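Now for the letters of each chain:
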Amino acid sequence: FWGVGTTLSLNGRDFLDTLATYVATIPDRIVISESGSEEQQEQSLVRATSVLNYLATKGIAKDRCSIAVRPMSPEENLDGQRMLEVALLSTSIYQ
């Protein structure tokens, strides 16, 4: 993202282009979250939604995606830094 905003950076779009190419070949569910403090929760949701919408422009069906409110990584691993997380869930887990 650009700075503290919600607009995807060029590097972010490049990464998501690669991710979209890969996930188009597998049936896994995509879970998107971003770490942040309680005060940043709304912005984290907006950022995760930006990622979901970008993937949709690359042909990934929105109904394959979920947005998680809480980060998936343990907070002690983040060292106070914000981090976007994308997890792929095997169909054996969610079906």
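Above this text is the structure in question.
Attention in this report is confined to the structure presented alongside it. Each residue is numbered by its place in its chain's sequence as written, counting from 1. Owing to the predicted nature of the model, reporting of local features is limited to residues with pLDDT of at least 70; listing and counting of side-chain atom pairs is limited to 80 or more, with chain, interface and lining totals taken over all residues. Excluded from the side-chain calculation are hydrogens and water; included are all heavy atoms of the structure.

1. Some words on the pairing of strand E1 (residues 29-34)
In terms of residue burial, E1 counts as a mostly covered element, since five of its six residues are buried. In this description, strands pair whenever DSSP reports at least two bridges between them. In DSSP terms, a helix is any run of H or I states spanning at least four residues, a strand is any run of E spanning at least two, and both are numbered starting from the N terminus. As paired elements, E1 and strand E2 (residues 65-67) share three bridges and run parallel to each other. Among the inter-strand pairings, Val31 is bridged to a residue of E2, identified as Ser66. Only protein chains enter the calculation, and the probe is 1.4 Å; a residue is then buried if its accessible area is under 20% of its type maximum, exposed if over 50%, and partly exposed in between.

2. Looking at the environment of Ile67
Looking at where Ile67 falls in the secondary structure, it is placed in strand E2. Its relative accessible area of 32% is what places Ile67 among the partly exposed residues. In this structure, the C-alpha to C-alpha distance between Ile67 and Glu34, residues 33 residues apart in sequence, is 9.1 Å. Any two residues having at least one pair of non-hydrogen atoms within 4.5 Å are treated as being in contact. Sequence-distant contacts of Ile67, that is, excluding residues within four places in its chain, are made with Ile32, Leu45, Ala48, Thr49 and Leu52.

3. Structural notes on a nonpolar patch on the surface
Patches were defined on residues exceeding 30% relative accessible area and lacking a salt bridge, with like-charge contacts within 9 Å and nonpolar side-chain contacts (Val, Leu, Ile, Met, Phe, Trp, Tyr) within 5 Å. Throughout, the Shrake-Rupley method with a 1.4 Å probe supplies accessible areas, and for residues the shown protein chains are the sole cover considered. What counts as a salt bridge is simple: a side-chain nitrogen of Lys or Arg found within 4 Å of a carboxyl oxygen of Asp or Glu. Nonpolar side chains collect at one region of the surface, where Leu45, Ile67 and Val69 lie side by side and expose about 200 Å² of accessible area between them. When you line up the elements, Leu45 lands in helix H2 (residues 41-57).

4. Considerations on the packing of helix H1 (residues 10-23) against H2
Across the interface, H1 lies against H2 with an axial gap of 10 Å and an inter-helix angle of 55 degrees. Accordingly, the angle class assigned to the pair H1 and H2 is oblique. Of the two possible hands of crossing, H1 and H2 adopt the one that is right-handed. For the pair formed by H1 and H2, the contact residues are Arg13, Leu16, Asp17, Leu19 and Ala20 on the first element and Val51, Tyr54 and Leu55 on the second. Gly falls in the polar group here, along with every residue not listed as nonpolar (Ala, Val, Leu, Ile, Met, Phe, Trp, Tyr, Cys, Pro) or charged (Asp, Glu, Lys, Arg). Grouping the amino acids of the contact of H1 with H2 by side-chain chemistry returns six nonpolar, no polar and two charged. For helices, the fitted axis covers only the stretch in contact; all axes are lines through C-alpha atoms, and the angles between them, taken along N-to-C directions, range from 0 to 180 degrees. Each angle gets one of four labels, with under 35 degrees taken as roughly parallel, over 145 as roughly antiparallel, 65 to 115 as roughly perpendicular, and the rest as oblique. We call a crossing left-handed when the near helix sits turned anticlockwise from the far one by less than a right angle, and right-handed when that turn is clockwise.

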